[in-house]
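Here is how the chains run, residue by residue.
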Amino acid sequence: MVREVTENDLNGLLHLYEQLHNSEVTINLDELLKLWNQIIQDNHHHIIVVEKDGKIVSSCVCIIVPNLTHNQRPYAFIENVITDEAHRKKGFATKCLDYAKEIATKQKCYKIMLLTGSKKDVTLQFYRNAGYNSEDKTAFIQWI
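First, a word on what this report is: a plain description of the structure on this page. (Residues numbered from 1 in each chain as written. Predicted model: local features only at pLDDT ≥ 70, side-chain atom pairs only at ≥ 80, totals over all residues. Heavy atoms only, no water.)

**Side note on the overall build of the protein**
Okay, step 1: Along the protein, the regular secondary structure elements total four helices and five strands.
Okay, step 2: Moving toward the C terminus, one meets the helices and strands of the protein in the order β-α-α-β-β-β-α-β-α.
Okay, step 3: The C-alpha radius of gyration of the protein comes to 15 Å, within 12% of the 15 Å expected for a compact globule of 144 residues.
Okay, step 4: Along the first, second and third principal axes, the C-alpha atoms of the protein reach 40 × 35 × 35 Å.
Okay, step 5: Here the protein holds 144 residues, and the buried ones make up 33% of them. (Helix = DSSP H or I, 4+ residues; strand = E, 2+ residues; numbered from the N terminus. Rg over C-alpha atoms; globule rule 2.2 N^0.38 Å. Buried < 20%, exposed > 50% of the residue type's maximum accessible area, 1.4 Å probe, protein only.)

So, in structure tokens, the structure goes:
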């Protein structure tokens, strides 16, 4: 089942995120819960998950960004695309991305942007197959 997170999904999501950067998620419980509540209440912040047998197995974040250009149409930004290692290549991440596209479409976004840190051909081809391209724009990142 593909859906947006609920307040009770934090632990399952954090467990999945450990695979995102191959490291344990550092937790300051008070700050984490404050941030979690902020995210849950933000109408522009969507965390999409696929649940299988009661476990979150895939996720992505879709942020809707209000915009003054393009006839004041917002754009969407996708981050933190991850599928549990035991459940990859089963279409779960595609379901997350499709759900994010539905959200962006309903919000009348004019584009969806996605960044990946992966240089693997299989990952890049996955995003191309999902409808994203790397030809239209050039992305730059400045780490702080």
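Now that the structure is up, let's keep going.
**Remarks on the packing of aromatic side chains**
Okay, step 1: Evaluated as defined, the whole model comprises two aromatic pairs.
Okay, step 2: In this arrangement the basic side chain of Lys111 is found over the ring face of Tyr75, its NZ or CZ atom lying 5.5 Å from the centre. (Phe/Tyr/Trp six-rings, centres within 6.5 Å; stacked < 30°, edge-to-face > 60°. Lys NZ or Arg CZ within 6 Å of the ring centre and 35° of its normal.)

**As for the nonpolar core**
Okay, step 1: Residues Ile48, Cys60, Cys62, Ile78, Val81, Leu97 and Leu114 are the most contacted members of the largest nonpolar core, which totals 20 residues.
Okay, step 2: Elements supplying a minimum of two residues to this core: β2 (45-52), β3 (55-65), β4 (75-83) and α3 (92-106).
Okay, step 3: With 14 residues, the next largest nonpolar core counts Val5, Leu10, Tyr17 and Ile39 among its residues. (Core = buried A, V, L, I, M, F, W, Y, C linked by side-chain atoms within 4.5 Å.)

**Section: the side chain of Asn67**
Okay, step 1: Within the element layout of this structure, Asn67 appears in the loop between β3 and β4.
Okay, step 2: By relative accessible area, Asn67 is classed as buried at 16%.
Okay, step 3: Within the local environment of Asn67, its side chain forms a polar contact with the side chain of Thr69, the two groups lying 3.0 Å apart.
Okay, step 4: A distance of 3.1 Å separates a polar atom in the side chain of Asn67 from the backbone oxygen of Arg73.
Okay, step 5: Beyond its immediate stretch of four places on either side in the chain, Asn67 contacts Gln72, Arg73, Pro74, Tyr75 and Tyr110. (Polar contact = N/O pair within 3.5 Å; in protein donor to acceptor, adjacent residues only side chain to side chain. Contact = heavy atoms within 4.5 Å.)

**Quick notes on the sheet that holds strand β1 (residues 2-4)**
Okay, step 1: Taken together, five strands build an open sheet; the order of strands is β1-β2-β3-β4-β5 and the sheet is mixed. With one partner strand each, in any of the chains shown, β1 and β5 (112-114) form the two edges of the open sheet. Averaged over all neighbouring strand pairs, the angle between strand axes comes to 25°, with direction disregarded.
Okay, step 2: Two elements, β2 and β3, share eight bridges in a ladder whose sense is antiparallel. (Pairing = 2+ DSSP bridges. Axes fitted to C-alpha atoms, helices over the stretch in contact; angles between N-to-C directions.)

**As for the pattern of salt bridges**
Okay, step 1: Considering all chains together, one arrives at four salt bridges under this definition.
Okay, step 2: For Lys52, the salt bridge is made with Asp53, and the minimal N-O distance between the two is 3.8 Å.
Okay, step 3: Note that Lys55 is salt-bridged to Asp84, the shortest N-O span being 3.6 Å. Within this pair, whereas Lys55 is found in strand β3, its partner Asp84 is found in the loop between β4 and α3, the two being separated by 29 residues in sequence.
Okay, step 4: Overall, the relative accessible area of 35% leaves Lys55 in the partly exposed class.
Okay, step 5: Here the salt bridges share partners, and the residues they tie into one network are Arg3, Asp9 and Glu51. (Salt bridge = Lys/Arg side-chain N within 4 Å of Asp/Glu carboxyl O.)

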